[in-house]
Every structure is written in C-alpha cells, then in structure tokens.
Amino acid sequence: DNATLDEIPTDSVELISTSSTNHCNSPYYSEVMQQLRSIFKLKSFRTNQLEAITATMDARDVFVLMPTGGGKSLCYQLPAICDSGKTKGVTVVVTPLIALMKDQVDSLLNKGIDAFLWNADTPHPTVSHRIYGSGPKPRLLYVTPEKLDGSSALKNVLKNWHRTNTLARFVIDEAHCISTWGQDFRDAYKNLGILRDEFPGVPIMALTATANQITIDDIVTQLKLNNHAFYRQTFNRPNLRYFIKDKKKVVPQIVDYIRAEHVGHAGVIYCTGRDRCEIVAEQLREEGLSAAHYHARMSNSEKDTTLADWQNGDVKIIVATIAFGMGIDKADVRFVIHHDLPRSLSGYYQETGRAGRDGKPADCVLYFHAKDFNIICKMIKNDRDREQKQDQAAINRQIEAAREVVKYCKNISVCRRVQLLQFFGEKFSKNKCAGGCDNCIDHRPVVPEDVTAISRNAVQLLRDIERMGDNITMARLQNILKGSNLAELRGKGYDKLPLFGSAQDQPKELLEQVVQHLQFIDVLAPVAVQNGATSYHTEYIQVSQCCIC
Ligand code: ADP
Ligand code: MG
Ligand code: ZN
C-alpha cells in the first residue's frame, strides 16, 4: 500500500486548535475525500492536512507549520477545488519563486484543475481573457508578492471579487519570507499585512516549514491573523542521522566518506560560494565520483538540465549553494553534506531535510571548522554592503543565527536531535534518537576544562603587543602562548614578554580552540590590514572587549 512516504513525521506533538470538531463528521468531509481520491489520486491524508483543510473551509485563519516535504500544498490546493466551504470563489496563492509557481500551476493543470499564474510576464490578452472575461474564474490564482504589491490592475480585480463574494481565501506559502528574522526575507512580503485591511472577512492561510517561535509570532502579527487554527507536528525526522565532523582536508574527507558509506547513492553537498561549488564538483569528478554543480549564476537551461540529470540518476551528487532547495522533490536522497557552515539552524534543518524523504535511512554530515564562522560574518556584512542596506539590527540577527549553528556544532554532549528540536521549541527525549546522531553514538565522557587562565593570558598578551604598536595573527598568538622557540618571535622581542610561554604545557589544539572561542564570544576580533601598497590583506587579531579580566 502507499504507506511508504507518508510518514516522515508522524506523531503530532502539539495540536493547538480552538475547534474541537471531529473532522470526519464535518460537512465537508465527503467532498474533500472524494477530491483527494479522484483528482489528487491519493488515498489518505497526512498529519494535519485534513484538519487544516477543514479549518480553512470553515472560513478560519489557519497557520500550518509542516516540515519540508510534509505536504503543505495540498492544504490549500484541495479546498480550492471544493464547493462546500463557507467561502466561495478563487483561492489566491502568494509564493516567492516564479519557477516553483510554474511547476505547481502546470501540475494542477495536468490534474484538470483550473489554475492561473499572473505575474509580470503574463501576456495581457491572456489576463483579459481569463480574469476579466465572462467565463468561469480560475480555482487558484498564483501571484508573486511583487505583483500583489505593485499592480493596481490586480488589486482592482481582487476588490471586485471581494465585493461579489468570489474571493475564497488568501494563501501565503513560505510565509517566513515575511519576517526579517528569517534568512529568506523578501521585501515584497512585508506589505502582505494590507490583505486583512483591504479585504476584510477573507480568510488567510499561512504555511511555512520554519518553526522558531519568533518567526511564527512575527508572521501572525504581520498578517494580522485572527483567532487562527494552528497546526504543528513534530519536526523530528527519525530516519535521518546527524553527524558533525572536524573539517580538515574537507574534499578528501568527503570522498572517503562517500566511498565508505554511500557508493552510488544520490546526495547533495552544500557549499557557500558559487566558485566553491564548481571547484568541489570538479574535484569529486577527478576522484571518479558522479557530480555536478548548481548555483544561481547558471542559466535557467543549465540549471534545468543539471536538475533533470540528478532527478533521473544520471548524476549522483549535486554540489550546490542554498539556491538549490525550495521545491526539490527527490525521494531517495541518501546523504546531505555541508562542506561549509550553514548560516542558520533553520536553514540547516531545511537543507538536511531534503535527505530521506522516502522514509529510508539517510545521513546528514556537517564539516565544521570554527573559522567558518568568521567567513560567514564577513559574507553577511558584504551582502548588506552590496545591497546598501546598513541595517545593523538585521546584520546582528544574522550573525546571531550563525552563532547558533556554531553552538550546535560545538556541543558534543547533547543529542543533536534534542538540540535541533529545542531550537524549534519542541521537547524531545534523547532515548528516541536511538543512536541516530554522533553525540548519542559516542559514549566517551565529556570532561569540562577551565580555560579562564589561558584566556586571560591571551588577552593580556595581545594588549601588551598592541602597546608595542604591533599586530599579530591568531597563529602567532598561539605560538607566543605556547612559548615556541622561533626566530621571528625573538626578533620582535616577544620572548621577553612576561606571559610568553605561559601556556607551554597546553596542547596546541587546545590553544587554538581557546583563541577561536574568544573570537566567537567577541572578546577578540579579526581585522584585515593591507600589506603595504599591495592588494593583499593579512588578518590580524585584536582585543575588542573584555569581560574576563
Ligand atoms: P511541502 O510544500 O510541505 O514541502 P509538498 O506540498 O511539495 O510539500 O508535498 C511534498 C510531496 O508529498 C509531494 O510529492 C506530494 O505529492 C506528496 N504528498 C502530499 N500530501 C500527500 C498525501 N496525503 N499522501 C501522499 N503523498 C502526499
Ligand atoms: Mg511547499
Ligand atoms: Zn542523538
């Protein structure tokens, strides 16, 4: 039977709904089931789908929180083609990506559902015919947020439908794009708050897979949802295993890992940076692995071909930026590797979530090096500079989000699932992880070590050196702490400093960790200094603030 996939997340941990309706007795049940089977050719609903559908047909506002691949689309596509609901007419769907919209509309048309996509490229005669014409209105109208924001023609049509009671509901898919808390913030989404004011009485349905509480509250407030039904289910993905590994020579590490665990399997490797994707894919091919790159700088046709090759198995491994993701629906992805640090935990969850949609075991491996945090911080600042938005609060939020990921990586004692799900506000008992993460598999005791003295000495040393008018790199600071017998240190007179060699008994790795951690908690900060008249920069380290002296 079809109980294969269903079942990514099964147990509903929380169902906050003010209605206590038994949904099977609802007046819509028979029509809904009939459409599910005859039009969508599906046998049964997944967790919360029927509940969300019933609530929107009851003309309520609805918030659906469902992991990627959970089946959010059906929650609005199905009620859109039913006639027994309390509101009648067109379901207006706002989603952020045109490519995705096209796919959805095409697949609806294939099912014989009258769906229409109205964006900047839609030819005017087509719009006139389908929207202004006297024929039947589409069941679903897909629009971009930009269109909704900027087109008075569309606004007038909607006003007209509203007046004639033929506007069934607004659907805001990927609703987290409304929130500046999330990484996918879209400018045009932020004006969706006007829907409630301009179209009073039209129910709104918001859907997202991004579940942290701040974002949820932000969505509810901005869309002005009213007494909404709220559906969420566990975000645990029992068939995924989570591993964090020390990033050393990362491509050889990845090659060894794939050869050992995933020969011939389909997988995704996420990298930051388009060039990096191309280089890594090339290196994998040199090792005889079947790999292709995917990023936003490729032409649409290149992207389509690459995607098709991967979907049908001609290419096994996609090396991609996060441009690769939303809307990808391949069931048998056996591994998702992070070559670089993800920018946020919710991004990490979504990206890893593309593994194992068929419910069979799959692995998520993240290669972590503390210095990736600095790289991300730089990228965040550069992005903002480029967009000329010097919004310091937004920068800080993004840096905070990256910091969460570092904390997650560095926490080698708490079950990965417990950590991840806690981030989404869900309590999880680690017994249920059942050896599904590195921290649950590794039973070595974690011994805490007090590094206050080393930290103080590091800061003091750096102050002494700054007083001498010098700049030093992170590596040099470690060598001075270690008291390394190096001519370059003696030449500068650093061996005469009172704290030179004050950590000579400590292992090098520990000193590196301490210095990195001091950066991570903002006690030390990197600064790039230009080398003479060249365009080269050296990255030095300075004391930025000190809370430990
Ligand atoms: P989301 O938007 O939540 O990421 P989608 O709506 O794209 O997920 O659905 C993911 C996949 O799940 C699609 O292939 C869809 O056909 C399938 N699906 C959705 N609902 C059901 C169901 N009740 N039974 C079986 N498959 C379903
Ligand atoms: Mg979706
Ligand atoms: Zn675990």
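What you are looking at is a predicted structure, and each value in this text was computed from that prediction instead of being measured.

Cut-offs and rules
- Residue positions are given per chain, counting from 1 as you read along its sequence in written order.
- Just so you know, chain letters begin at A and ligand numbers begin at 1, following the order they were written in.
- Local features are withheld for residues below a pLDDT of 70 in this predicted model, meaning they are given only at 70 or higher, and side-chain atom pairs are given and counted only at 80 or more; totals for whole chains, interfaces and linings count all residues.
- Per the convention used, a helix needs a DSSP run of H or I reaching at least four residues, while a strand needs a run of E reaching at least two, with both numbered from the N terminus.
- Every radius of gyration here is taken over C-alpha atoms, with the globule rule written as 2.2 Å times N^0.38, N being the number of residues.
- Exposure classes come from backbone-placed C-beta atoms, where a residue is buried if 20 or more other C-beta atoms lie within 10 Å of its own, exposed if 12 or fewer do, and partly exposed in between.
- We call two residues in contact when the distance between their C-beta atoms, placed using the backbone, is within 7 Å.
- By definition, two strands form a pair when at least two bridges between them are found by DSSP.
- Here an angle of 0 to 180 degrees is reported between the N-to-C directions of two axes, which are lines fitted to C-alpha atoms, with helices fitted over the stretch in contact.
- Seen with its strands pointing away from the viewer, a crossover is right-handed when the path leading from the first strand over the helix to the second is clockwise.
- Known as pLDDT, the predictor's per-residue confidence is scaled from 0 to 100.
- The rule is simple: place the C-beta atom from the backbone, and if it lies within 6 Å of a molecule or strand, the residue is near it.
- Each residue gets one label: Ala, Val, Leu, Ile, Met, Phe, Trp, Tyr, Cys and Pro are nonpolar, Asp, Glu, Lys and Arg are charged, and the others, such as Gly, are polar.
- The nonpolar core criterion groups buried Ala, Val, Leu, Ile, Met, Phe, Trp, Tyr and Cys residues into a set whenever they are joined through C-beta atoms within 7 Å.
- Here the word oblique covers every angle except those under 35 degrees (roughly parallel), over 145 (roughly antiparallel) and from 65 to 115 (roughly perpendicular).
- For a crossing to be left-handed, the near helix must be turned anticlockwise from the far one by less than a right angle; the clockwise case is right-handed.
- The span expected for a helix works out to 1.5 Å for each residue beyond the first.
- Arc definition: it is the arc formed by the directions from the helix axis to the C-beta atoms.

### Some remarks on the overall build of the chain
Link 1 in the chain: In terms of regular secondary structure, the chain is built from 21 helices and 16 strands.
Link 2 in the chain: Taken against the 2.2 N^0.38 rule, which gives 24 Å for 549 residues, the C-alpha radius of gyration of the chain at 27 Å falls within 12% of a compact globule.
Link 3 in the chain: Its C-alpha atoms give the chain principal-axis dimensions of about 90 × 50 × 45 Å.
Link 4 in the chain: Residues counted as buried form 41% of the 549 residues belonging to the chain.
Link 5 in the chain: For the chain, restricting intrachain contacts to residue pairs at least 6 apart in sequence, the fraction spanning at least 24 positions comes to 74%.

### A look at the sheet that holds strand β9 (residues 240–246)
Link 1 in the chain: Read from one edge of the open sheet, 6 strands run β9-β14-β13-β10-β12-β11, paired in parallel fashion. Strands at the two margins of the open sheet, each flanked by one partner only, are β9 and β11 (291–294). The mean inter-strand angle of the sheet, taken between neighbouring strand axes irrespective of direction, is 20°.

### Things to note about the pairing of strand β12 (residues 317–320)
Link 1 in the chain: Neither face of β12 is exposed, since Ile317 and Val319 on one face and Ile318 and Ala320 on the opposite face are all buried.
Link 2 in the chain: The pairing of strand β10 (residues 266–270) with β12 spans 4 bridges and is classified as parallel. Its bridge partner being in β12, glycine 267 is matched across the sheet by isoleucine 317.
Link 3 in the chain: Note: β11 against β12, 4 bridges, orientation parallel. Bridge pairing in β12 places tyrosine 294 opposite alanine 320.
Link 4 in the chain: For the segment spanning β11, helix α12 (residues 300–311) and β12, crossover handedness is right-handed.

### Looking at the confidence of the model for the chain
Link 1 in the chain: The share of residues in the chain with pLDDT of 70 or more is 92%, and the mean pLDDT across the chain is 88.
Link 2 in the chain: This model gives residues 1–21 a pLDDT under 50, and the stretch forms 44 contacts once residues within four places in sequence are excluded.
Link 3 in the chain: Predicted complex, confidence summary: ipTM 0.98, pTM 0.70.

### Remarks on the site of ligand 1
Link 1 in the chain: The local shell around ligand 1 holds 14 residues, among which Leu42, Gly70, Gly71, Lys72 and Ser73 are the closest.
Link 2 in the chain: Residues belonging to the shell around ligand 1 are distributed by class as follows: 4 nonpolar, 6 polar and 4 charged.

### A few points about the nonpolar core
Link 1 in the chain: Counting residues in each nonpolar core, the largest one holds 60 residues, and the members touching the most others are Val64, Leu141, Ile172 and Ala206.
Link 2 in the chain: Leaving out residues up to four positions away in the same chain, leucine 141 has contacts with Val90, Val92, Val93, Phe116 and Trp118.
Link 3 in the chain: Listed in part, the 56 residues of the second largest apolar core include Ile244, Val268, Tyr270 and Phe373.

### Focus: the packing of helix α19 (residues 474–482) against helix α21 (residues 508–520)
Helices that pack against each other are described as a pair by the angle of their axes relative to one another and the distance between those axes.
Link 1 in the chain: At a minimum axis distance of 10 Å, the contact between α19 and α21 shows a crossing angle of 130°. Compared by their axis directions, α19 and α21 come out oblique. Note that α19 runs across α21; the crossing there is right-handed. When α19 is examined against α21, the residues Met474, Leu477, Gln478, Leu481 and Lys482 are found in contact with a partner set consisting of Lys508, Leu511, Glu512 and Val515.
Link 2 in the chain: Residues belonging to the contact of α19 with α21 are distributed by class as follows: 5 nonpolar, 1 polar and 3 charged.

### Re helix α2 (residues 49–57)
Link 1 in the chain: With 9 of 9 residues buried, α2 lies mostly within the body of the structure.
Link 2 in the chain: Among the residues of α2, Gln49, Leu50, Glu51, Ala52, Ile53, Thr54, Ala55, Thr56 and Met57 are the ones counted as buried.
Link 3 in the chain: Residues of α2 that are buried in the fold lie against α1 (29–38), β2 (62–65), α3 (72–80), β6 (167–172), β7 (204–208) and β8 (229–232).
Link 4 in the chain: Downstream of α2 by a residue or two, alanine 59 has a phi angle that is positive, lying close to 70°.

### Considering the packing of helix α18 (residues 452–467) against α19
Link 1 in the chain: Between α18 and α19, the shortest axis-to-axis distance is 10 Å and the interhelical angle comes to 110°. Considered as vectors, α18 and α19 are oriented roughly perpendicular to each other. Taken as a pair, α18 and α19 cross one another with a handedness that is right-handed. For the pair α18 and α19, the contacting residues are Asn457, Ala458, Leu461 and Leu462 in the first and Leu477, Ile480 and Leu481 in the second.

### Here we look at helix α15 (residues 392–410)
Link 1 in the chain: The terminal C-alpha atoms of α15 lie 27 Å apart, and with 19 residues this matches the ideal 27 Å at 1.5 Å per residue to within 8%.
Link 2 in the chain: Every buried residue belonging to α15 is among Gln398, Ala401, Ala402, Val405, Tyr408 and Cys409, and all of these are buried. All buried residues of α15 fall inside an arc of 110° around its axis, so they share one side. Set apart from the buried face of α15 by more than 90 degrees, the exposed residues are Gln392, Ala393, Asn396 and Glu400.

### A closer look at unusual backbone geometry
Link 1 in the chain: Non-glycine residue asparagine 48 carries a positive phi angle of around 75°.
Link 2 in the chain: Here asparagine 48 lies in the loop between α1 and α2.
Link 3 in the chain: Unusually for a residue other than glycine, aspartate 522 sits at a positive phi of about 70°.
Link 4 in the chain: Note on placement: aspartate 522 falls in the loop between α21 and β15 (524–530).
Link 5 in the chain: Residue aspartate 522 is classed as partly exposed on the basis of its C-beta count, with 13 C-beta atoms lying within 10 Å.

### Quick look at the environment of tyrosine 28
Link 1 in the chain: One can find tyrosine 28 in the loop between β1 (14–16) and α1.
Link 2 in the chain: Counting along the chain gives 51 residues from tyrosine 28 to proline 79, while the straight-line C-alpha distance between them is 9.4 Å.

### Topic: the environment of aspartate 309
Link 1 in the chain: Mapped onto the secondary structure, aspartate 309 falls in helix α12.
Link 2 in the chain: When the C-alpha positions of aspartate 309 and alanine 292 are compared, they lie 9.2 Å apart, and in sequence the two are 17 residues distant.
Link 3 in the chain: The contact partners of aspartate 309, leaving out residues within four places of it in the chain, are Ala292, Asp314 and Val315.

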